[in-house]
Amino acid sequence: MTATEPETRAPRRGPAPVQGMGMLIGLLFLVLAALELMAGVPGGGGPRVLFGVLAVSGVWTLVHLLTGATAVFCTRSSRWAARFLLVAGACYAVVGLAGLLPLPHVITDALPLNTAGICFDLALGTAMLILGAGWLRLGPARRR
């Protein structure tokens, strides 16, 4: 190739930004599940609390572990990552909204929700909904 010929190599495409966000959120959930496991067994039958703020249970630990593993798996393609963010965001937002309502003791014993947990679920669910819906709304042809 001479100095006057333009380079005809196609640009190399990397992962989409939504895949990176999905991986980041998945790793956040996996770290959260690991921290919940380290919170230990509750003393005296009381609820476990992470960092003295976030109420956790064995069911929440399992939910966060499965959410993180699913997020990491779904980051293999941008469409799967966006759909995961949309579905998981809707689920967490619904759980956060449900936490604002008076729930039966059967539910609150398995999934304890305190104010910090409700705020966490609402904030993370809303952020995931915005990221997933925003990416799915823009078609591949309209992305830069």
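Each remark here, short or long, concerns the structure printed above.
Residues numbered from 1 in each chain as written. Predicted model: local features only at pLDDT ≥ 70, side-chain atom pairs only at ≥ 80, totals over all residues. Heavy atoms only, no water.

Draft legend 1. Just the environment of Arg 48, in detail. Tracing the chain through its elements places Arg 48 in strand S1 (residues 48-50). The class of Arg 48 is buried, set by a relative accessible area of 14%. As for Arg 48 and Glu 36, which are separated by twelve residues in sequence, their C-alpha atoms are 8.6 Å apart. Separated by 3.3 Å, the side chain of Arg 48 and the backbone oxygen of Glu 36 make a polar contact. (Helix = DSSP H or I, 4+ residues; strand = E, 2+ residues; numbered from the N terminus. Buried < 20%, exposed > 50% of the residue type's maximum accessible area, 1.4 Å probe, protein only. Polar contact = N/O pair within 3.5 Å; in protein donor to acceptor, adjacent residues only side chain to side chain.)

Draft legend 2. Focus on the packing of aromatic side chains. A complete count under the given rule lists two aromatic pairs for this structure. Summarising the aromatic geometry, the rings of Phe 73 and Trp 80 are spaced 6.1 Å apart at their centres and angled 80° between planes, so their arrangement reads as edge-to-face. Assessed through its relative accessible area of 46%, Phe 73 is described here as partly exposed. (Phe/Tyr/Trp six-rings, centres within 6.5 Å; stacked < 30°, edge-to-face > 60°.)

Draft legend 3. The arrangement of helix H3 (residues 78-99) in detail. Helix length check: H3, at 22 residues, gives a terminal C-alpha distance of 31 Å against a target of 32 Å (1.5 Å per residue), a fit within 8%. Taken residue by residue, H3 has Ala 81, Ala 82, Phe 84, Leu 85, Ala 88, Gly 89, Tyr 92, Ala 93, Gly 96 and Gly 99 as its buried positions. When H3 is viewed along its axis, its buried side chains cluster within an angular range of 155° and face the same direction. Turned more than 90 degrees away from the buried face of H3 sit Val 87, Val 94 and Leu 97, all of them exposed. (Expected span 1.5 Å × (residues − 1). Arc of directions from axis to C-beta.)

Draft legend 4. Inspection of the side chain of Thr 67 at higher detail. Topologically, Thr 67 is positioned in helix H2 (residues 58-74). Leave out the neighbours within four places in its chain, and Thr 67 touches Phe 29, Phe 84 and Tyr 92. (Contact = heavy atoms within 4.5 Å.)

Draft legend 5. Focus on the environment of Ser 77. As for its placement among the helices and strands, Ser 77 is situated in the loop between H2 and H3. Of the residues examined, Ser 77 reaches a relative accessible area of 25% and is grouped as partly exposed. Along the primary structure Ser 77 and Gln 19 are separated by 58 residues, whereas in three dimensions their C-alpha atoms are 6.9 Å apart. For Ser 77, the side chain forms a polar contact with the main-chain nitrogen of Trp 80, separated by 3.2 Å.

Draft legend 6. Up close: the side chain of Thr 61. Here Thr 61 shows up in helix H2. In this structure, Thr 61 is in contact with Ala 33, Glu 36, Leu 37 and Arg 48, ignoring residues within four places of it in sequence.

Draft legend 7. View of the nonpolar core. Judged by nonpolar contacts, the single largest core of 20 residues is most densely connected at Val 18, Phe 29, Phe 84, Leu 85 and Met 128. Taken together, the elements giving at least two residues each to this core come down to helix H1 (17-38), strand S2 (54-56), H2, H3 and helix H5 (115-137). Examining the composition of this core, we find that six residues originate from one element, H3, more than from any other. Dropping the residues within four chain positions of it, Met 128 is found in contact with Ile 25, Phe 29, Phe 84, Leu 85, Leu 86, Ala 88 and Gly 89. (Core = buried A, V, L, I, M, F, W, Y, C linked by side-chain atoms within 4.5 Å.)

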